[in-house]
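Listed below are the residues making up each chain.
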Amino acid sequence: MFKGIENLFQVPNPNPPESLVQAMTVAHLPTALTDSILFTGDVFVEKKALLMEEGRIIDLVANDKVPPSFQQFSCGNHILAPAFIDCQVNGGGNVLLNTTPTCEGILAIAAAHKRTGTTRLLPTCITDTLETMDAAIKATRQARAQDSSILGIHLEGPHISVEKKGTHNAAFIRPMNDQDLAAYHAQDDEIFMITLAPEQVTPDQIAQLVAQGVIVSLGHSQANADQVRAALTAGAKGFTHLFNAMPPMSGREPSLAAIALDHAPSYASLIGDTIHVAPEMMRLAARAKDNLFLVSDAMPPTGAEKPEPFTLCGLKASSNGQACTNEKGGLCGASLTLGECVPRCIRDVRLDPEMVLRMAATLPAAFLGLGHRFGKLLPTYAADIVMLDHSFKTQKVWQDGKERFHHAHAL
Ligand SMILES: [Zn+2]
């Protein structure tokens, strides 16, 4: 625990000094971010300046040891942390990937999330027609070429359990055939993630997907323990939105959720809005599992200046400013970005700030196999940085060393 951090909430939400509002760093110059409380991804350190050049962090030095060739930006004792990485983004900026599976749609979604500190994400397409899911894969590849914040795609379905489908459309849920198997593969260095139910596929199919570079995550499932263990042995790497769309845990029937908590090498995502999972369950999960990370599960109203109602799987849905419900009253996704989840997890769930910041950046990076490039503020890492006030609210965002957002103005 960082010694000064428990006092942070006692500090009134500070309005950054005028000099901070006006200070804009010039992207191509080597830059030193000074006077911060800096979270490296492992520990908080004080009195360090972060040096960045050409999109990468090159060193952390004492504030008074900044080389003269570096332009300096004073963080005014704000917090610097690794920028957020979101593995489950259905939408944002009033755009839903499933209904707008286009390059432009994905770029709009990414822009809406970037404002609050998400500099890397996986657009997520839920169970849909073959054509829509194929279009989402292609559009993601186009968007990646224009915006490096898009790491790849997350297909959530269609090979999931009808009984645990949640808001997904049952008409499009199906077993995995050879044609599907051939279509799911990672190209170049993209991330290709799929959430599936172990009872809808064979262990051989999971092994084949993993061999094709696909990250397999288990979810929307009521698989029994043997099926889950077989999927993990075949190469499944994690579990999707722990507790949601999973059977409850019971003494003699460890469901997906209990195995996820018990199986230390695997990862599990947790929707971070503090609504999809009760704070008590979030705390229990955080105590039980090291490899636990946050996702937003964000829907179109997320990050939108004027959130609008939308249609999901044929049902009208809207946000109350925090989570989305459809016309039947069913919970159908969140409307908070990861950057908006972080303060809630610290303030309302009372998780340690170090843990929450790791869950929003360091651990998703590790889950994606990108833990050597993203999720830490250390030399050689991408200069993906958020500046947070003492309530952990995002104030400023850098991606690859370039300033992407500054207070209320998207850049
Ligand atoms: Zn889901």
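A quick note: this is a predicted structure, and the numbers were derived from the prediction, not measured.

Q: Would you take a moment to explain the packing of helix α9 (residues 338–347) against helix α10 (residues 353–367) for this structure?
A: A pair of packed helices is characterised by two quantities: the angle between their axes and the separation of those axes. For the pair α9 and α10, interaxial distance at closest approach is 9 Å and the crossing angle is 155 degrees. The angle between the axes of α9 and α10 places the two elements in the roughly antiparallel class. As for how α9 packs across α10, the hand of that crossing is right-handed. Contacts between α9 and α10 involve Leu-338, Val-342, Cys-345 and Ile-346 from the first element and Pro-353, Val-356 and Ala-360 from the second. Residues belonging to the contact of α9 with α10 are distributed by class as follows: seven nonpolar, no polar and no charged.

Q: What is the right way to look at the packing of helix α2 (residues 103–114) against helix α3 (residues 130–146) in this model?
A: Running from amino to carboxyl end, α2 crosses α3 at an angle of 55 degrees, the nearest separation of the two axes being 8 Å. Classified by the angle between their axes, α2 and α3 sit oblique to one another. Between α2 and α3 the crossing geometry is right-handed. Contacts from Cys-103, Gly-105, Ile-106 and Leu-107 in α2 reach Ala-139, Thr-140, Gln-142, Ala-143 and Gln-146 in α3. Among the residues making up the contact of α2 with α3, the classes are represented as five nonpolar, four polar and no charged.

Q: Whenever I open this one, the sheet that holds strand β13 (residues 191–196) confuses me. Can you help?
A: Hydrogen bonding along the main chain pairs the strands of a sheet, whether they run parallel or antiparallel. Here we have eight strands laid out as an open sheet, ordered β8-β11-β12-β13-β14-β15-β16-β17, and parallel in their pairing. This sheet does not close on itself; its edge strands, each paired only once, are β8 (84–89) and β17 (292–295). In this sheet, strand β11 (residues 118–126) lies alongside β8 in parallel orientation, the contact comprising four bridges. Across the sheet, residue Ile-85 finds its bridge partner in β11, namely Arg-120. Strands in contact with α2 are β8 and β11; relative to β11, the strand with the most contacts, it is inclined by about 135 degrees. Running at roughly 110 degrees to β17, α10 makes contact with β8, β15 (238–239), β16 (267–271) and β17 of the sheet.

Q: Is there a simple way to think about helix α6 (residues 225–234) in this case?
A: Each α-helix turn comprises 3.6 residues. Residues three or four places apart therefore point the same way. Among all positions of α6, only Val-228, Ala-231 and Leu-232 are buried. With its buried residues spanning 100 degrees around the axis, α6 presents them on a single face. Across from the buried face of α6, at angles greater than 90 degrees, the exposed residues are Asp-226 and Thr-233. The elements touched by buried residues of α6 are α5 (203–211), β14 (214–218) and α7 (256–262). Positive phi appears at Gly-235, one or two residues downstream of α6, with a value of about 125 degrees.

Q: Before we go on, may I ask you to explain the pairing of strand β12 (residues 152–156) in this structure?
A: When a strand is regular, its side chains alternate between the sheet's two faces. Most of β12 sits out of view: five of its five residues are buried. Pairing of β11 with β12, which is carried by three bridges, proceeds in the parallel orientation. Considered in β12, the bridge of Cys-125 is made with Leu-155. In this view, the connection linking β11 to its parallel neighbour β12 by way of α3 has right-handed handedness. As paired strands, β12 and β13 are joined by five bridges and run parallel to one another. Across the sheet, residue Ile-153 finds its bridge partner in β13, namely Phe-192. Tracing the backbone out of β12, into helix α4 (residues 178–183) and back to the parallel element β13 gives a crossover that is right-handed.

Q: Is there a simple way to think about the environment of Arg-350 in this case?
A: Inspection of the secondary structure assignment puts Arg-350 in the loop between α9 and α10. C-alpha separation for the pair Arg-350 and Arg-141, spaced 209 residues apart in sequence, amounts to 38 Å.

Q: What should I look at first to understand the domain arrangement of the chain in this one?
A: When the parts of a complex come together, some accessible area is lost, and that lost area is often taken as the interface size. When the domains of the chain are assigned, the result is domain 1 (5–82 + 375–410) and domain 2 (84–367). Put simply, the middle of domain 1 and the middle of domain 2, counted by C-alpha atoms, are 29 Å apart. Contact with domain 1, which involves 20 residues of that partner, is made by 24 residues of domain 2. Listed by contribution, the elements that provide at least two residues to the side of domain 1 that touches domain 2 are β7 (79–82), β23 (394–399) and β24 (402–406).

Q: Can you help me understand the nonpolar core in this one?
A: Core analysis: the biggest nonpolar cluster contains 124 residues, and Leu-50, Leu-80, Leu-256 and Ala-360 have the highest contact counts within it. A total of nine residues in this core trace back to one element, the largest contributor, which is α10. Built from parts of two domains, this core gets at least three residues from each of domain 1 (5–82 + 375–410) and domain 2 (84–367). Setting aside its immediate chain neighbours within four residues, Leu-50 contacts Ala-32, Leu-33, Leu-38, Ile-57, Leu-60, Leu-80 and Leu-377.

Q: Would you explain the sheet that holds strand β20 (residues 323–326) in this entry?
A: An order of β18-β19-β20-β21 is seen for the four strands of this open sheet, with the pairing classed as antiparallel. The sheet is open, and its two borders are formed by β18 (310–312) and β21 (331–334), each paired with just one other strand. Taking the axes of each pair of neighbouring strands and ignoring which way they run, one obtains an average angle of 35 degrees across the sheet. In terms of strand pairing, β20 meets β21 through two bridges, oriented antiparallel. Each bridged residue has a counterpart across the sheet, and for Thr-325 the counterpart in β21 is Leu-331.

Q: Which parts of the structure should I look at to understand unusual backbone geometry?
A: Along the chain, Gly-157 connects to Pro-158 via a cis peptide bond; the corresponding omega equals 10 degrees. Phi angles above zero are rare outside glycine, and Thr-274 is one such case at about 70 degrees. Positive phi values are uncommon outside glycine, yet Asp-297 reaches one of about 55 degrees. Relative to the elements of secondary structure, Asp-297 occurs in the loop between β17 and β18.

What counts, and where the lines are drawn
- Residues numbered from 1 in each chain as written.
- Predicted model: local features only at pLDDT ≥ 70, side-chain atom pairs only at ≥ 80, totals over all residues.
- Axes fitted to C-alpha atoms, helices over the stretch in contact; angles between N-to-C directions.
- Helix = DSSP H or I, 4+ residues; strand = E, 2+ residues; numbered from the N terminus.
- Parallel < 35°, antiparallel > 145°, perpendicular 65-115°, else oblique.
- Left-handed = near helix turned anticlockwise from the far one by under 90°.
- Contact = placed C-beta atoms within 7 Å.
- Nonpolar A, V, L, I, M, F, W, Y, C, P; charged D, E, K, R; others polar.
- Pairing = 2+ DSSP bridges.
- Buried ≥ 20, exposed ≤ 12 C-beta atoms within 10 Å, placed from the backbone.
- Arc of directions from axis to C-beta.
- Right-handed = clockwise from strand over helix to strand, strands pointing away.
- Domains from an automatic or database assignment.
- Core = buried A, V, L, I, M, F, W, Y, C linked by C-beta atoms within 7 Å.

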